[in-house]
Amino acid sequence: MAGRSLSGYIQPEKSLVMLTFGGEHQVHGRIDLPPPGEVEACLDSLLLPAVRHQVRGILLVLYDSGPRFGMKLARRLAERVAECDIDLIGCLRVQDGRWFDPLGFHDVPEEGVAFDIDAHPILAQAVFDGRMVRRSRHELAGSVAPLPEAVAETEAALERAVSLKTYEVGRLIDDAVAGAVLSADQVASLLLALRDPQQRDAAWGGMSRDEARAHVRLWTDVVRRSPEDHLAHPAAVLAFAAWLSGDGALAWCALDRCFASERHHGLGVLVAQMLDGAVPPTAWDEVLLRPERPA
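Note that the structure is predicted; figures quoted are calculated from it, not measured.

Enquirer: What should I look at first to understand the sheet that holds strand S3 (residues 57-63) in this one?
Expert: Remark on secondary structure: sheet strands pair via backbone hydrogen bonds, oriented parallel or antiparallel. Read across the sheet, 6 strands follow the order S2-S1-S3-S4-S5-S6 without closing on themselves; strand pairing throughout is mixed. Sheet topology places strand S2 (29-32) and strand S6 (113-114) at the edges, where each strand pairs with a single neighbour. Across 4 bridges, the pairing between strand S1 (residues 15-21) and S2 is antiparallel. Residue Val 17 lies in a different strand from S2, and its bridge partner there is Arg 30. Its contacts with the sheet put helix H1 (residues 39-52) on S1, S2 and S3, and the angle it makes with S1 is roughly 15°. The strands touched by helix H2 (residues 67-83) are S1, S3 and strand S4 (87-95); relative to S4, the strand with the most contacts, the crossing angle is about 165°.

Structural data, given as structure tokens:
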């Protein structure tokens, strides 16, 4: 789907990836490789954020596109980037562990150039920083998939759960962000609280970028333990936390689960709009500094 972010340390498959340089903000994005009849619409969704943020240069990478379609798509991409008055730094095609240069920016042999993504310094740094490295988007989606036994425990706990006051919800979230593991009863109580719009807004409205990764850990756990009829709210909060931590790929996976439960979830739609518009997480700092924040 359009606007899918590249962040999250996954290797794209059957994708078109855009890296940008210059401009006020870097705008990196990924879309699924479009069928021939949908190329123009998909390119619009990828390039418009780059134009909006006035980037100066773009590097494009086609994954698993095949030589014939890859060449055709690369040429159309070059035309569209020129129409946007942006410099095309390069356009690569990646397939079966090799990269090729369909537009001839580099002197590349016909059989391509082999590479080993496992040895890349970015992945090594991610491991050193304690970030989970996923091999594919399918694996990333699996990281927020339901855990049947845990879901059953939450369903049983919901039958005896009691509503929490706002300060109790805040304390519960603070403890979990600090590292506490929630019991099934606590997850159930939290899910009931999230059905109240004010309590739901309190769960994400004061979140800071410094705490975003800890919130991702918390809300991933809650999402995986949530029954379908209580899933949309925690999944939307997880999507927001993932966006705030700079992990757009995880944010989209969380939104997939959110929208499968509630198609037009308010917070979910807001996060999707921010991802599609390539809004940087730094923009949230300005919101937190305002005297009054929107509910």
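Enquirer: I'm lost on the packing of H1 against H2 in this one. Help?
Expert: The angle between the axes and the distance between the axes are what describe a pair of packed helices. Running from amino to carboxyl end, H1 crosses H2 at an angle of 50°, the nearest separation of the two axes being 11 Å. Judged on the interaxial angle alone, H2 and H1 are oblique. Where H1 crosses over H2, the handedness of that crossing is right-handed. Together, Val 39, Glu 40, Leu 43, Asp 44 and Leu 47 of H1 and Leu 73, Arg 76, Leu 77, Arg 80 and Val 81 of H2 make up the contact between the two elements. Looking at the contact of H1 with H2 residue by residue, the classes come out as 6 nonpolar, no polar and 4 charged.

Enquirer: Quick question: what am I supposed to make of helix H7 (residues 184-194) here?
Expert: Each α-helix winds once per 3.6 residues, and so residues spaced three or four apart point in a common direction. Counting buried positions along H7 yields 8 of 11 residues, so the element is predominantly enclosed. Buried within H7 we find Ala 184, Val 187, Ala 188, Ser 189, Leu 190, Leu 191, Ala 193 and Leu 194. Of the surrounding secondary structure, the elements contacted by the buried residues of H7 are helix H5 (148-158), helix H6 (166-177), helix H8 (197-205), helix H9 (212-224) and helix H10 (232-244).

Enquirer: Explain the pattern of salt bridges to me, please; I cannot follow it from the model alone.
Expert: Following the criterion strictly, the structure yields 11 salt bridges and no others. With a shortest N-O distance of 2.8 Å, Arg 76 and Glu 40 are connected by a salt bridge. You can see Arg 76 sitting in helix H2 and its partner Glu 40 sitting in helix H1, a full 36 residues away along the chain. A residue is classified by how much of its surface remains accessible, and Glu 40, at 35% relative accessible area, is partly exposed. In this structure, Arg 76 engages Glu 79 in a salt bridge whose closest nitrogen and oxygen atoms are separated by 2.9 Å.

Enquirer: I tried to follow the nonpolar core on my own but got confused; where do I start?
Expert: Within soluble globular proteins, side chains that are nonpolar generally end up buried alongside one another. Ranked by internal contacts, the top residues of the largest apolar core, which has 52 residues, are Trp 219, Phe 240, Trp 243 and Val 271. Residue assignment for this core shows that the elements contributing at least two residues are H6, H7, H8, H9, H10, helix H11 (248-261), helix H12 (266-276) and helix H13 (283-289). Looking at this core element by element, the count peaks at 11 residues for H10.

Cut-off values and rules
Residues numbered from 1 in each chain as written. Predicted model: local features only at pLDDT ≥ 70, side-chain atom pairs only at ≥ 80, totals over all residues. Heavy atoms only, no water. Pairing = 2+ DSSP bridges. Helix = DSSP H or I, 4+ residues; strand = E, 2+ residues; numbered from the N terminus. Contact = heavy atoms within 4.5 Å. Axes fitted to C-alpha atoms, helices over the stretch in contact; angles between N-to-C directions. Parallel < 35°, antiparallel > 145°, perpendicular 65-115°, else oblique. Left-handed = near helix turned anticlockwise from the far one by under 90°. Nonpolar A, V, L, I, M, F, W, Y, C, P; charged D, E, K, R; others polar. Buried < 20%, exposed > 50% of the residue type's maximum accessible area, 1.4 Å probe, protein only. Salt bridge = Lys/Arg side-chain N within 4 Å of Asp/Glu carboxyl O. Core = buried A, V, L, I, M, F, W, Y, C linked by side-chain atoms within 4.5 Å.

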